[in-house]
Amino acid sequence: MRLVIALPFVWLGVFFLLPFALVLAIALGANAPDSVPPVELGLSPKNFALLFTDDLYLAAWLTSLRIAAVSTLAALLLGYPMAYAIARAAPARRPLLLMLVVLPFWTSFLIRIYAWMGLLDENGLLNQFLRWSGIVADPGTLLGTEWAVHLGIVYAYLPFMVLPLYATLEKLDVSLLEAAADLGARPFAAFLTITLPLSLPGIVAGCLLVFIPAVGEFVIPDLLGGTGTLMIGKVLWDEFFTNGDWPLASAVAICLLVLLAGPIALFQRQQAKGLERRT
Amino acid sequence: MSGPIVRIEGLAKRFGAVTAVDRVDLDIERGALFALLGGSGCGKTTLLRLLAGFETPDGGRVLIDGQDMTGVPPHLRPVNMMFQSYALFPHMSVADNVAYGLRREGGGGAETDRRVGEALDQVRLADFAKRRPAQLSGGQRQRVALARALIKRPKLLLLDEPLAALDRKLREGTRFELVRLQAELGLTFVMVTHDQEEAMSMASTLAVMDAGRIVQVGAPHDVYERPASRFVAGFIGLANILEAPGGRWVALRPEKIVLSAARPDLPHASAGKVVDIAYEGARSLCRVALDDGRTMLAATSDGAFRRGQDVWLGWAADAGHPLDE
Amino acid sequence: MRRARFAFTMLGFGYAFLYLPLGLVMAYSFNDSRLVTVWGGFSTRWWSALLANEAMLQAAWLSLRIALASATAAAVIGLAAGYALARARSFPGRGLFGGLVIAPMVMPEVVMGISMLLLFVGAERLLGGPDRGFLTIALAHTTFSVAFVAIVVQARLADFDRSLEEAAMDLGATPWVTFRTVTLPLIAPAVASGWLLAFTLSLDDLILTQFVAGAQSQTLPMRVYSSVRLGVDPQINVLATIVVVVAAAALVLSGWLTRRSA
């Protein structure tokens, strides 16, 4: 047993935990474009100070949080009825319906985002359809706006919202709703007082699974958001690959980690609780 | 060899703040069908698991056939267990389940096959050897579990609630079958049960447990007729607990009481009124409120009594059994 | 039932939302026109073009090898991690261990990417290796995938009837034999579906790979990304079609495995 614990413990310690110490060390250093790697070690907080004083970075933080929050809410509003419908479908059909939600997750993330590029382009299929049908004569371009980023996040992370919601809704005892109806609750009141509170663990898990990765998202703002959308994941990427400023990129990573530590811990506690209930 | 097959000395087990087994001393005779009886949470299952080696005691020790089992892991103990859930391996056939123990001893080939066939014959499942556990009925599964636990000829067979998962009708027949098998094989069985009727009808010796302690050990008849405490008297069968002169307590079984309309000619007689009647088929159980304020249970095979009727209760001088506490 | 009807309408809408873009991409993989937004008739020319695209094929081959290696490593480590989480109730550092196992699942990939790169750069300075490429990518993917295998294994073990293992030991099996003959066969489908998940994640990963890949290694997602950045490309439509078909097949397989394990 000791060996069984040691193998993953050591692996994750070396490849997951230790690197964060390195990131912190680099973040406190300075950019040195002429050396390899381009870092001069030090103990200066100026990278962190820059992140919280420069308007550009502040805007990126706020935009990331706003986009992630709005997208999470949108995914919840679409995902909840979907999960509810699957949980209420005939038991024999549920696996298929669920599989249809999960299937896109098994295809390439990159390709799913790419699929929207052709749709949202100025002369893309969406605009072609809008012009042809006469709904909008002169539609603007969705590609390169925040709208497209929201759309992409909801699209990419919808399975993560539906799965935990389905897991809690499927376990819901139908006789509870019958009892509520028997005691005089209309269907909507029964939903608000019984179904919704009992599915809260699923709501929390689903929202965290969408929100956490969305805050640090890079591919979606890069491909769908264009230059106008500044999200923090893209800032990190650009600082690292375009500007070659490793210390600043590291500082962004540390801040992102601190920002998400709360939600990540919450998610982890929920997972642990859920598993304990099953044993 | 002589001496008890199992000797338990000062055995104790705690789970956090809960004491599951509290300094238990117990001998189990060779060839007994021994029942550990008690309510849920009394520690009977923990005691069984301490015998099997699934739990490590916090104190005391277990000797099996004279050998100290302290520190001996389950797979090295000369003991086998039939689990309450049966714990049949779902990915193996019935035959492979039964053969599992023999194969762990390095057995294989024709000899193992022969013994598996024999064991399956014994529990009348020879035609089901190739099936998976999921394809069997509850009763069949129980018999596979039995065959699997018996095939290694353990010195001790442990049975955890062996009949609990069966429906009522099947349970009756299985009781007799277990008793027959035990007598035929001459093995020692230790079974845990919460069902006093089951323990009474099957066991040669039973031990009543309460709050981690063994409160009485004896033959079923002795324990029923001579309960040691109010707890045992109340747990096994029904009993009226009466206060006797000198501050002592006496247990009086309802069937030891004569119920009559007229005053009976017995040393003890009290008048009262019937408040409740529970019809049980062969007999009726009457709750009688006595004129002196006490309420007593009396059994009668006479169906003529009605609720509200004035009656007399009477019992012989030796009908009650004095209790220790 | 009005509420349920609303829910089922939303379900239909959700499916349309999920599949319309993919369906269009697949349809346009057979488009004769170079312009990806204009239908120019049916053709398989982009299919031939992709299958002759040496750079793309090489990238795919590298991705496959990395996915195979990292999924296998992740399955072994994840099995150990899931087993430890489910079975070892208390040991020093269990809280940290639980956090370490699950955190990579939700950690933003850019953060993991930069941290792993810095680790490899550090290792290069101190130990002189490993060279960035196949090995570093596979190590990074393994670390990232362990969480997914561990979760699947832990969930399966949480539903597992402990008395099966006790029965095996009672019948004379040592702990290791018990694991080999009872536990492992019963959780094997979970491990297999965890492996499949790890394989898919590795095959698909762009961000982590971009950080830890050296100058010479180009995986499939890296090639796709650099092509897609320049706009829509008919060859990518073909690739998308292949990926969707393969994913559907993999999902059917994994669904079958999970049902068997239940």
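Preceding this paragraph is the structure being described.
Let us look at the structure shown here. Here the residue index of a chain counts from 1 through its sequence in written order. Key to labels: chains lettered from A, ligands numbered from 1, both in the order written. Owing to the predicted nature of the model, reporting of local features is limited to residues with pLDDT of at least 70; listing and counting of side-chain atom pairs is limited to 80 or more, with chain, interface and lining totals taken over all residues. No hydrogens and no water enter the side-chain calculation; it runs on all heavy atoms of the structure.

## Overview of the overall build of chain C
Rule in force here: Note on conventions: DSSP H or I runs of at least 4 residues are helices, E runs of at least 2 residues are strands, and numbering of each starts at the N terminus. Here the term buried applies to any residue with accessible area under 20% of the maximum for its type, exposed to any over 50%, and partly exposed to those in between, with areas from a 1.4 Å probe on protein chains only.
Along its length, chain C carries eleven helices and zero strands. When the helices and strands of chain C are listed from N to C terminus, the series reads α-α-α-α-α-α-α-α-α-α-α. Each principal axis of the C-alpha atoms in chain C carries an extent, and together these give about 70 × 65 × 30 Å. Within chain C, the proportion of its 262 residues that are buried is 61%.

## Description of the side chain of Asn237 of chain C
Our working rule: In the analysis that follows, any N or O atom pair within 3.5 Å is treated as a polar contact, provided that within protein one partner can donate a hydrogen and the other can accept it, and provided that, for residues neighboring in sequence, both atoms belong to side chains.
Counting through the fold element by element, Asn237 of chain C comes out in helix α11 (residues 234–261). Accessibility expressed as a relative area gives 3% for Asn237 of chain C, which makes it buried. At 2.6 Å, the side chain of Asn237 of chain C and the side chain of Tyr114 of chain A are in polar contact.

## Quick look at the environment of Gly202 of chain A
Residue and element names in this part refer to chain A. The cut-off we apply is this: Note on contacts: a residue pair qualifies if any of its non-hydrogen atoms lie within 4.5 Å across the two residues.
Mapped onto the secondary structure, Gly202 falls in helix α10 (residues 200–215). Gly202 gets classed as buried once you look at its relative accessible area, which sits at 2%. Along the backbone, Gly202 and Met161 are 41 residues apart, and their C-alpha atoms lie at a distance of 8.4 Å. Ignoring sequence-local partners within four residues, the contact set of Gly202 consists of Pro164, Leu165 and Thr168.

## Re the pattern of salt bridges
Heads up, the rule is: A carboxyl oxygen of Asp or Glu within 4 Å of a side-chain nitrogen of Lys or Arg is what we treat as a salt bridge.
One pass over the structure, following the stated rule, counts 31 salt bridges over all chains. Two residues, Asp68 of chain B and Arg61 of chain B, come together in a salt bridge whose shortest N-O distance is 3.5 Å. The class for Arg61 of chain B is partly exposed, based on a relative accessible area of 33%. By sharing partners, the salt bridges in this structure join Asp222, Lys234 and Asp238 of chain A together with Arg229 of chain C into a single network.

## Quick look at empty space enclosed by the protein
Rules: A pocket here means an open set of points on a 1 Å grid, computed over the protein atoms alone, that has protein on both sides within 12 Å along at least five of seven lines. A cavity is instead a set of points where a 1.4 Å probe fits but cannot get out; residues with an atom within 4 Å of a point line either one. Grid points are joined across faces, edges and corners, and a volume is the space filled by probe spheres set on the points. Only Asp, Glu, Lys and Arg are considered charged, only Ala, Val, Leu, Ile, Met, Phe, Trp, Tyr, Cys and Pro nonpolar, and every remaining residue, Gly among them, polar.
For the coordinates displayed, the defined rule picks out four cavities of 30 Å³ or more. Here the largest cavity defines a volume of roughly 100 Å³. When residues of the lining of the largest cavity are traced back to their parent elements, those giving at least two are α5 (109–120) of chain A together with α1 (2–28) of chain C. Roughly 80 Å³ of volume is contained in the second largest cavity. Arg115, Glu118, Ala119, Gln122, Leu150, Ile151, Arg153, Leu185 and Leu187 of chain B are the residues that line the second largest cavity. Looking at which element gives the most residues to the lining of the second largest cavity, the answer is helix α3 (residues 109–122) of chain B, with four residues. By residue class, the composition of the lining of the second largest cavity is five nonpolar, one polar and three charged.

## Focus: the sheet that holds strand β12 (residues 248–252) of chain B
Residues and elements named next belong to chain B. Keep this limit in mind: Pairing between two strands requires that DSSP report at least two bridges joining them.
In space, the three strands of this open sheet follow the order β11-β12-β18, with antiparallel pairing throughout. Among the strands making up the open sheet, the edge pair consists of β11 (240–244) and β18 (321–322). Judged from the two bridges that link them, β12 and β18 form a sheet pairing that is antiparallel. What sits directly across from Ala251, in β18, is His321.

## Some details on the pairing of strand β2 (residues 18–28) of chain B
All names here are of chain B. Relative to β2, strand β1 (residues 6–15) runs antiparallel, the two sharing seven bridges. Across the sheet, the residue bridging to Val6 is Ile28, located in β2. The turn linking β1 back onto β2 is made up of two residues, and Gly16 within it adopts a positive phi angle of 60°.

## Here we look at the sheet that holds strand β7 (residues 156–160) of chain B
Residue and element names in this part refer to chain B. Rule in force here: For helices, the fitted axis covers only the stretch in contact; all axes are lines through C-alpha atoms, and the angles between them, taken along N-to-C directions, range from 0 to 180 degrees.
Taken in spatial order, the six strands line up as β6-β7-β8-β3-β9-β10 in an open sheet, and their pairing is mixed. The open sheet has two edge strands, β6 (79–82) and β10 (213–218), and neither has a second partner. Averaged over all pairs of adjacent strands, the angle between strand axes in this sheet comes to 20°, irrespective of strand direction. Direction of pairing for strand β3 (residues 33–37) relative to strand β8 (residues 188–193): parallel, over a ladder of five bridges. Its bridge partner lying in β8, Leu33 is registered against Phe189. Sitting on the sheet, helix α4 (residues 138–150) is in contact with β6, β7 and β8, with an inclination near 175° to β6.

## Quick word on the interface of chain B and chain C
The figure often quoted for interface size is the accessible area lost as the parts come together. Stated formally: Defined in terms of a 1.4 Å probe, buried area is the accessible area two parts forfeit on being brought together, summed over both.
Contact with chain B, which involves 21 residues of that partner, is made by 19 residues of chain C. Of the roughly 1,700 Å² buried between chain B and chain C on both sides combined, carbon and sulfur atoms contribute 63%. Along the contact surface separating chain B from chain C lie one salt bridge. Between Glu166 of chain C and Arg49 of chain B there is a salt bridge, with the nearest N and O atoms lying 2.6 Å from each other.

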